[in-house]
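Residue-level listing of the chains:
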Amino acid sequence: MDHDAIVIGAGPAGLFAATEIAKRGFHVRVLEEHERVGEPDHCAGLLSRSGLARLGLRMPEGIIQNTVSGARIYSPSGNSVTIERGEREACVIDRRRFDAWLADRAIDLGVDVTTNVKATGFTREGSLVRTIRLKDKNELRSRCFIVAEGSRCRLSGSVGLPTVEKSSMYPAFQYEVSGADLEGDMVEMFYGRNVAPGFFAWIIPLGENRARVGLAARNKSRTRLDALIVHHKILARRLEGAKIDRSLGGIVLVGMPIAKLTHQNVLAVGDTAGIVKATTGGGVILGGITARIAGKTVAEALSQDAKVASIKQYEKQCKSMVFNELRAMYLTQRALSSLSDKGLDSIIKDAAVLGLLDVVKSDGDMDLQGKVIKRLVTDPRMILMGLRAIRYINPFL
Ligand SMILES: Cc1cc2nc3c(=O)[nH]c(=O)nc-3n(C[C@H](O)[C@H](O)[C@H](O)COP(=O)(O)OP(=O)(O)OC[C@H]3O[C@@H](n4cnc5c(N)ncnc54)[C@H](O)[C@@H]3O)c2cc1C
């Protein structure tokens, strides 16, 4: 065999997985179709400090662009609630630099990162996959494969792994602007059926009146964002006179992870596995944590002759570690997107009046949201809020 493991995709999930394998002395290669790791980027760059600590990351200067202390959430009619935790809770990072730094770190630990190579398919020998075919007609052989191709799921689907449901892939669009009139160091989130059906629009401050302004929704994300910048009461005010410096598009995942994370000697990680918080579309931290588990599991399996039974441990561990959290976030997202604008107004108003934000402030965790969701749904005030909002559930969804 040419390699112990081949990872397809040099996003964070692929790089975290590969690093764990190389650290344990195995020969691992990461294939990336683009010329440079991290480009083109598709991210707002908001990562919790606790998540970065869980990943054990200490980033060099230049990657963190700003820090934020909380979020202001706007209902469709413009009422807002503020969730501030009195500390710099999250970082805003430059994803291009972040991914490039993760790649350098991986290379230092012995990973071969090859850019400008597109993987096009797998070839089996018996029940196991042994070869990956490349666009330039070359082939590479390996004992195990990790698919980290992002939300596209082309290769994972071709090899017998389930793929993320199309209905949970929402188009997203984002501008980076300068000269905006921003409010302090808060992230701002805008909900509403006329704003972003199924999801939300956001402003993430980058410091010095610069910001990322984006939107994901069931459809027409760019058209909707362009309209908001002109017509939305708050967004238009913030962006009046601002200059658009760059733009990007991508896919935000709002569903559940795929049901099966391994198939024989092939594993799916990160967005390919649908390991993303459905409430926010954030996938770097939990995707990274679980990809590290994938890397460790593969290394362990490689030391036992790449036993398929050992590779399956990845799925078992992920399920017990994050699947309940992801399910709670998914159900919350579903509940929120089933509400009409009046329903969203009602819960945002009630959340402030009934004191439910204190629960979020004390128990909230940007990544592992399951605990706070569980506390909220068992709180009698929440039941009252739910009963008030229930009449606003959209009967057509
Ligand atoms: C607009 C937007 C904003 C977001 N904001 C946030 C945020 O603030 N915080 C957060 O945590 N998450 C955010 N996300 C989600 C986050 O970007 C993803 O969860 C994350 O990038 C997933 O990492 P990954 O490594 O699984 O996949 P990716 O980062 O998508 O990496 C996949 C890599 O595989 C490569 N590749 C694909 N196919 C092949 C092939 N056949 N051969 C070789 N290479 C291949 C791609 O080029 C790419 O480099 C956002 C997403 C969008 C769209």
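Scroll up for the structure.
Quick caveat: nothing in here was measured; it's all calculated off a predicted structure. (Residues numbered from 1 in each chain as written. Predicted model: local features only at pLDDT ≥ 70, side-chain atom pairs only at ≥ 80, totals over all residues. Heavy atoms only, no water.)

(A) Structural context of the site of the ligand. Near the ligand you find 35 residues, and of these E32, A44, L46, A119 and D271 are the closest. The separation between an oxygen atom of the ligand and a polar main-chain atom of V284 is 3.1 Å. Elements with a minimum of two residues in the shell around the ligand: α1 (12–23), β3 (46–48) and β16 (243–253). The residue inventory of the shell around the ligand, partitioned by class, reads 17 nonpolar, eleven polar and seven charged. When residues of the shell around the ligand are assigned to domains, at least three map to each of domain 1 (3–45 + 95–165 + 255–323) and domain 2 (67–93 + 171–253). (Near = heavy atom within 4 Å. Polar contact = N/O pair within 3.5 Å; in protein donor to acceptor, adjacent residues only side chain to side chain. Helix = DSSP H or I, 4+ residues; strand = E, 2+ residues; numbered from the N terminus. Nonpolar A, V, L, I, M, F, W, Y, C, P; charged D, E, K, R; others polar. Domains from an automatic or database assignment.)

(B) Quick peek at the side chain of E176. Looking at the secondary structure, you find E176 in strand β12 (residues 169–178). A relative accessible area of 9% means that E176 is categorised as buried. Engagement of the side chain of E176 in a polar contact is seen with the side chain of R212, the distance being 3.0 Å. For E176, the contacting residues outside a window of four places in its chain are L206, R210, A211, R212, K243, I244, D245 and R246. (Buried < 20%, exposed > 50% of the residue type's maximum accessible area, 1.4 Å probe, protein only. Contact = heavy atoms within 4.5 Å.)

(C) Just the pattern of salt bridges, in detail. One pass over the structure, following the stated rule, counts 21 salt bridges. For the salt bridge of D112 with R29, the shortest nitrogen-to-oxygen distance reads 3.7 Å. With D112 in strand β8 (residues 112–114) and R29 in strand β2 (residues 28–31), the pair connects residues that are 83 residues apart, well separated along the chain. Between D226 and R222 there is a salt bridge, and its shortest N-O distance comes to 3.9 Å. A residue pair is termed a helical-turn pair when its members lie 3 or 4 positions apart in one helix, as D226 and R222 do in helix α5 (residues 221–231) at four residues. A cluster of three or more residues bridged by salt bridges with shared partners is formed by D41, D94, R96, R97, E176, R210, R212 and R246. (Salt bridge = Lys/Arg side-chain N within 4 Å of Asp/Glu carboxyl O.)

(D) Representation of the packing of aromatic side chains within the structure. Scanning the entire structure with this criterion turns up seven aromatic pairs. A ring pair is formed by F98 and W101, whose centres lie 6.5 Å apart and whose planes are at 40 degrees; its orientation type is tilted. In this pair, F98 and W101 are both assigned in helix α3 (residues 95–108), three residues apart and thus about one turn of the helix distant. Grouping residues by exposure puts F98 and W101 together as buried. Relative to F145, the ring of F122 has its centre 5.5 Å away and its plane inclined at 80 degrees; by these criteria the two rings are edge-to-face. Of this pair, F122 sits in strand β9 (residues 119–125) while F145 sits in strand β11 (residues 139–147); the two residues are 23 residues apart in sequence, bridging distant segments of the chain. On the accessibility criterion, F122 (12% relative accessible area) is buried. Members of the aromatic cluster, connected to one another through ring pairs, are Y191, F199, F200 and W202. It is R105 that lies over the ring of W101; its NZ or CZ is 5.7 Å from the centre. (Phe/Tyr/Trp six-rings, centres within 6.5 Å; stacked < 30°, edge-to-face > 60°. Lys NZ or Arg CZ within 6 Å of the ring centre and 35° of its normal.)

(E) Quick peek at the packing of helix α7 (residues 284–302) against helix α9 (residues 313–337). Relative to each other, α7 and α9 sit at 170 degrees, their axes nearing to 9 Å. Considered as vectors, α7 and α9 are oriented roughly antiparallel to each other. Facing L286, I289, T290, I293, A294 and T297 of α7, the residues of α9 in contact are Q313, Y314, Q317, C318, M321, V322, L326 and M329. Its residues assigned to classes, the contact of α7 with α9 shows ten nonpolar, four polar and no charged. (Axes fitted to C-alpha atoms, helices over the stretch in contact; angles between N-to-C directions. Parallel < 35°, antiparallel > 145°, perpendicular 65-115°, else oblique.)

(F) Molecular detail of unusual backbone geometry. Between E39 and P40 the backbone carries a cis peptide bond, its omega angle lying at -5 degrees. Mapped onto the fold, P40 is located in the loop between β2 and β3. Even without glycine at this site, K220 takes up a positive phi of about 45 degrees. Following the sequence through the fold, K220 ends up in the loop between β15 (210–216) and α5.

(G) Spatial organisation of the nonpolar core. Residues F98, F122, I132 and Y314 are the most contacted members of the largest nonpolar core, which totals 77 residues. The element that contributes the greatest number of residues to this core is α7, accounting for eleven residues. Viewed by domain, this core spans two of them, domain 1 (3–45 + 95–165 + 255–323) and domain 2 (67–93 + 171–253), each represented by three or more residues. In this structure F98 touches P12, L47, L57, M59, I63, I93 and V284, once residues within four positions along its chain are discounted. Counting 25 residues, the second largest nonpolar core, distinct from the first, contains A71, V81, V92 and I204. (Core = buried A, V, L, I, M, F, W, Y, C linked by side-chain atoms within 4.5 Å.)

(H) A look at α5. For α5, the full list of buried residues reads S221, R224, L225 and L228. Viewed end-on, α5 has its buried residues packed into an arc of 100 degrees, placing them on one side of the element. Along α5, exposed side chains directed more than 90 degrees from the buried face belong to T223, V230 and H231. Residues of α5 that are buried make contact with β12, β14 (201–207), β15 and α6 (233–239). (Arc of directions from axis to C-beta.)

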